[in-house]
Amino acid sequence: MDINISFIFLMNMVDKFRILIVLFVLILGQSAVSAAVYKLEGMVGGKYAIVIELEEHSDGFISGRYAYKSTLRKNGDVECSWLQINPSYEAPVTQWTIRDCKPDVVEEWYNVNFNDRKHLTARMKNTKGRSYDVSATVTASASGSPSTIEYFKSHIGDCPSDFHMFFDPFIQQRLEDLMGEKNFNYMAYIYQTQGGIEYTKGMFYGSAFMAHQCCDPATVWAYDTDNNSFYVWIRKDGKDYWWSESGNVPYKFQELVRATI
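The rules behind these values
- Residues numbered from 1 in each chain as written.
- Predicted model: local features only at pLDDT ≥ 70, side-chain atom pairs only at ≥ 80, totals over all residues.
- Heavy atoms only, no water.
- Helix = DSSP H or I, 4+ residues; strand = E, 2+ residues; numbered from the N terminus.
- Buried < 20%, exposed > 50% of the residue type's maximum accessible area, 1.4 Å probe, protein only.
- Contact = heavy atoms within 4.5 Å.
- Areas by Shrake-Rupley, 256 points an atom, 1.4 Å probe, with all protein chains shown as cover.
- Polar contact = N/O pair within 3.5 Å; in protein donor to acceptor, adjacent residues only side chain to side chain.
- Salt bridge = Lys/Arg side-chain N within 4 Å of Asp/Glu carboxyl O.
- Phe/Tyr/Trp six-rings, centres within 6.5 Å; stacked < 30°, edge-to-face > 60°.
- Disulfide = S-S within 2.5 Å.

## Quick word on the overall build of the chain
In terms of helices and strands, the chain carries six helices and 14 strands. When burial is assessed residue by residue, the chain has 44% of its 261 residues classed as buried. Across the chain, every contact between residues at least 6 apart in sequence was considered, and the portion connecting residues at least 24 apart equals 45%. With an accessible surface of roughly 13,700 Å², the chain has 53% of that area assigned to carbon and sulfur atoms.

## Some thoughts on helix H4 (residues 169–179)
Burial runs high along H4: eight of the eleven residues are buried. Taken as a whole, H4 has its buried residues at Phe 170, Ile 171, Gln 172, Arg 174, Leu 175, Glu 176, Leu 178 and Met 179. By the N-cap criterion, in which a side-chain oxygen at the helix start approaches the backbone nitrogen of a residue two or three places on, H4 is capped by Asp 168, the distance to Phe 170 being 2.9 Å.

## Overview of the pattern of salt bridges
Applying the stated criterion to the full structure yields eight salt bridges. One salt bridge connects Glu 41 with Lys 69, and the closest N-O pair in it is separated by 3.1 Å. Within this pair, whereas Glu 41 is found in strand S1 (residues 35–44), its partner Lys 69 is found in helix H2 (residues 69–75), the two being separated by 28 residues in sequence. Overall, the relative accessible area of 26% leaves Lys 69 in the partly exposed class. Between Arg 65 and Glu 53 there is a salt bridge whose closest N-O contact spans 2.9 Å. Residue Arg 65 is found in strand S3 (residues 62–68), and its partner Glu 53 is found in strand S2 (residues 48–56); the two are separated by twelve residues along the sequence. Summarising the burial analysis for this pair, Arg 65 and Glu 53 share the class buried.

## A short note on the environment of Gly 42
Following the sequence through the fold, Gly 42 ends up in strand S1. You can call Gly 42 buried: its relative accessible area is 12%. Taking the C-alpha atoms as reference points, Gly 42 and Thr 139, 97 residues apart in sequence, are found 9.9 Å from one another. When sequence neighbours within four positions are dropped, the list of residues in contact with Gly 42 reads Tyr 48, Ala 49, Ile 50, Ser 135 and Ala 136.

## Here's the deal with the packing of aromatic side chains
Counted under the stated rule, the structure contains 19 aromatic pairs. Taking the centre distance of 5.4 Å and the plane angle of 40 degrees together, the rings of Tyr 231 and Phe 253 count as tilted. Here the residue Tyr 231 occupies a position in strand S13 (residues 229–236), and Phe 253 occupies one in helix H6 (residues 251–260), the gap between them amounting to 22 residues. Grouping residues by exposure puts Tyr 231 and Phe 253 together as buried.

## A word on the state of the cysteines
Per the counting criterion, the structure on display carries one disulfide. A disulfide bridge connects Cys 80 with Cys 101, and the sulfur atoms are separated by 2.0 Å. Across the S-S bond of Cys 80 and Cys 101 the torsion is about 100 degrees, and the bridge reads as right-handed. Of this pair, Cys 80 sits in the loop between H2 and strand S4 (83–87) while Cys 101 sits in the loop between strand S5 (96–99) and strand S6 (105–113), and the two are 21 residues apart along the sequence.

So yeah, pure geometry; function would need other evidence.
Next comes the structure, spelled out in structure tokens:
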């Protein structure tokens with residue numbers, strides 16, 4: 001496809017604008033901070049199977065969520081199937097407060113030990129006064145941006161242009177590594193008529209197309225909290241292009257694209 005002079009001019013202007021925004025974001029300290037994420041599997045009381053997802057923040061504190069496997073099987077992977085893990089005010093390293101989706105406090109975890117970042121042990125007490133031992137083992141981990149989940153949570157309903165998402169240095173670098181700089185620039189260029197960020201099936205996502213040209217070109221992106229991966233789809237001149245940090249493009253993202261555009 002030939003690129004006309006006006007398009008090249010616009011791309012140059014976008015590059016200059018990007019530099020200014022990156023400096024602005026860095027000064028305000030609003031970029032997503034890189035740290036580590038962990039997935040664990042374990043047991044409560046030696047008989048209730050659980051899965052845990054933890055985020056280690058740059059300050060060393062840990063937050064995340066956990067769910068009983070039986071609840072996930074019964075209700076599916078929806079927000080209220082998970083219980084939120086937050087460090088307590090009194091002892092943030094060794095004591096965690098657990099809340100449901102309302103969000104009410106439903107448990108307290110004491111004597112939390114995750115020092116080796118491989119095994120977790122704790123003593124849990126629920127609102128009924130019952131106590132159980134908790135033990136879990138890391139099944140997967142990755143350095144990257146555990147704060148990315150909180151970052152997107154804080155922008156649910158916001159358009160990416162409202163908080164300069166594509167010019168956040170960390171996110172921009174990941175997407176450029178995934179798509180290549182040229183394709184990333186093209187994605188940013190067509191991101192004109194856009195909606196707010198939404199959440200479904202473990203993915204934060206957004207979509208856009210060029211003004212007055214629905215829906216070619218168009219784009220959909222998603223951040224998958226299940227595996228800390230970005231996915232991107234672009235339609236250009238009637239052809240579909242896909243990118244995935246995890247290698248394969250999952251069916252849930254393909255389904256999301258079909259439902260969105």
